[in-house]
Amino acid sequence: MTDAARLGDRIAQLARIGGSGTSVSRLGLTALEEQARALVSSWCEPHAASRRRDEAGNLFVRFAGEKTDAPALLVGSHIDSVPDGGRFDGALGVCCAAEALVSLKEAGARFARPVELVAWADEEGARFGIGLFGSAAVFGKLPPNAAERRDKADISIAEALRALGGSGDPTKAKRDPKEFSAYLELHIEQGPRLERAGVALGVVSDIVGIYHGRVTVLGRQDHAGATVMGARKDALVAASELIRSLELIAALIPDAVGTVGEIAVRPGAKNVVPGECTFSLDIRAPKQGSIDDVLDAFNDAVADIGGRRGVDVSIERLQTVAVTPLDAGIRDVLVRATKAVGVEAPLLVSGAGHDAQNPSLSGVPTGMIFVRSTGGSHTPTEFAATADAAVGTDALARAIEELAAS
Ligand code: GLV
Ligand code: MN
Ligand code: MN
């Protein structure tokens, strides 16, 4: 049975690492993320058979099973945040997984197979632009030359990993998916459906596919006073039209979403017509066909707007994650577990990306529990009540017991 007071206290302890008020900035592969791993590891210490950080910065804590060599049940979530994010995205799943395992052990539970808690590194990709980084490394799904990607301070992933004490090669974190019997992740919902339905927990049926890209618009840098309006090739104004067209396109395609969250203008002075503008693309949908439709229409907009404004536009694909249906058998286990703790959990499609996609797409039976959250997500107003987290932890513990029992 979950110790709700301890769980609430641990959520607060973790939030203080990189936290200020309700805002948390704990970016991937930083010293703060490392401090968070050490804290979670210390909670598990009395019951753990082993604790280690791998070459991609992931924390694995192993709880022994009677069949030492049997594939392990993997349970966890991520421990990084976006800049100025909230206290619960990822962190809640790590706190609840640790609480479920520790409380099971305190109650004398014995597992037939090993259970591993994982705190994935750099899920958000906010620093280096590679989302689901730690789980992608473990399941061999990193983009080519990932270690060379650089953050805004010009530090590469390899350098960041070396600063944490590793070799700098995240591909060394790869494990055989056959090492795992299943993967479970508890996460806040990050949207309003559970709140509107008045239900504490949901079970995830599918996770959207994701396309991440970067658009570069090349115009002509010029004098802001001397260049008459008809003689300009303003890269920023062309980019503005493209960004607006993405919004219009995504709104027309059911269940698709399109977002530009980063933009840079060069040279970036108020008296210079911008010569170059780069911006990010984040396109998601529960069907790959819908993502393709958004991209096709956006490419048409590029040809039209680029041609009309005399600017060159190129699109670079940075990362894609396939639409991910989760395992039906694990879903049934989670539906039973949530029922057993008194919740009729609805099945939900996740619009957020999750580390669960990497094991699932590698053939590891995977399931997710959503905990009701309010106040949005990727913002300091993000909130989940400890009582909901505790009931989610009870359900998670039941699912762990069932899946680790044979
Ligand atoms: C992670 O939160 C994502 O969905 O981008
Ligand atoms: Mn998350
Ligand atoms: Mn997130």
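Before any of the text, the structure's been laid out above.
What comes next concerns the included structure. (Residues numbered from 1 in each chain as written. Chains lettered and ligands numbered in written order. Predicted model: local features only at pLDDT ≥ 70, side-chain atom pairs only at ≥ 80, totals over all residues. Heavy atoms only, no water.)

Comments concerning the coordination of the manganese ion (ligand 3)
For step 1, the next point in the chain: At 2.0 to 2.6 Å from the manganese ion (ligand 3) lie its protein donor atoms, namely Asp89 (OD), Glu124 (OE), Glu124 (OE) and His378 (NE2).
For step 2, the next point in the chain: Every donor residue of the manganese ion (ligand 3) comes from the same chain, spaced as D-x34-E-x253-H.
For step 3, the next point in the chain: A spacing of 3.5 Å is found between the manganese ion (ligand 3) and the manganese ion (ligand 2), which share aspartate 89 as a donor. Of the two residues, aspartate 89 is situated in the loop between β5 (72-78) and α3 (91-106) and histidine 378 in the loop between β18 (366-371) and α11 (386-403); the sequence distance between them amounts to 289 residues.
For step 4, the next point in the chain: On the accessibility criterion, histidine 378 (42% relative accessible area) is partly exposed. (Donors = N, O, S within 2.8 Å, 3.2 Å for Na, K, Ca; no water. Helix = DSSP H or I, 4+ residues; strand = E, 2+ residues; numbered from the N terminus. Buried < 20%, exposed > 50% of the residue type's maximum accessible area, 1.4 Å probe, protein only.)

Overview of the packing of aromatic side chains
For step 1, the next point in the chain: Within the structure shown, the criterion is met by five aromatic pairs.
For step 2, the next point in the chain: With centroids separated by 5.8 Å and ring planes inclined at 80°, the aromatic side chains of phenylalanine 88 and phenylalanine 383 adopt a geometry described as edge-to-face. Separated by 295 residues along the polypeptide, phenylalanine 88 in the loop between β5 and α3 and phenylalanine 383 in the loop between β18 and α11 bring together distant segments of the chain.
For step 3, the next point in the chain: We classify phenylalanine 88 as buried; its relative accessible area is 4%.
For step 4, the next point in the chain: Its relative accessible area of 38% is what places phenylalanine 383 among the partly exposed residues.
For step 5, the next point in the chain: Positioned above the aromatic ring of phenylalanine 111 is the side chain of lysine 105, whose terminal nitrogen or guanidinium carbon lies 4.5 Å from the ring centre.
For step 6, the next point in the chain: Just above the ring of phenylalanine 60 sits the side chain of arginine 175; from NZ or CZ to the centre is 4.8 Å. (Phe/Tyr/Trp six-rings, centres within 6.5 Å; stacked < 30°, edge-to-face > 60°. Lys NZ or Arg CZ within 6 Å of the ring centre and 35° of its normal.)

Here's the deal with the coordination of the manganese ion (ligand 2)
For step 1, the next point in the chain: For the manganese ion (ligand 2), the full set of protein donor atoms is His78 (NE2), Asp89 (OD) and His187 (NE2), and the range of their distances to it is 2.0 to 2.2 Å.
For step 2, the next point in the chain: Here the donor residues for the manganese ion (ligand 2) map to a single chain with the spacing H-x10-D-x97-H.

Some words on the layout of surface pockets
For step 1, the next point in the chain: Volume-wise, the second largest pocket comes out at about 280 Å³.
For step 2, the next point in the chain: Lining the second largest pocket are 15 residues, and of these Lys141, Pro143, Leu318, Gln319 and Thr320 sit closest to its centre.
For step 3, the next point in the chain: Mapped by element, the contributors of at least two residues to the lining of the second largest pocket are β15 (312-321) and α10 (357-361).
For step 4, the next point in the chain: Considering each element in turn, the lining of the second largest pocket owes the most residues, five residues, to β15.
For step 5, the next point in the chain: Tallied by class, residues from the lining of the second largest pocket come to nine nonpolar, three polar and three charged. (1 Å grid on protein atoms, 1.4 Å probe; cavity = no way out; pocket = protein on both sides within 12 Å on 5 of 7 lines; lining within 4 Å. Points joined across faces, edges and corners; volume = space filled by probe spheres on them. Nonpolar A, V, L, I, M, F, W, Y, C, P; charged D, E, K, R; others polar.)

Quick notes on the site of ligand 1
For step 1, the next point in the chain: Around ligand 1, the surrounding shell consists of Glu123, Glu124, Arg284, Ala352, Gly353 and His378.
For step 2, the next point in the chain: Measuring from an oxygen atom of ligand 1, one finds a backbone N or O atom of glycine 353 at 2.7 Å.
For step 3, the next point in the chain: At 3.0 Å, a side-chain N or O of histidine 378 approaches an oxygen atom of ligand 1.
For step 4, the next point in the chain: Relative to its unbound accessible area of 190 Å², ligand 1 is 88% covered by the protein chains.
For step 5, the next point in the chain: Counted by class, the shell around ligand 1 contains one nonpolar, two polar and three charged residues. (Near = heavy atom within 4 Å. Polar contact = N/O pair within 3.5 Å; in protein donor to acceptor, adjacent residues only side chain to side chain. Areas by Shrake-Rupley, 256 points an atom, 1.4 Å probe, with all protein chains shown as cover.)

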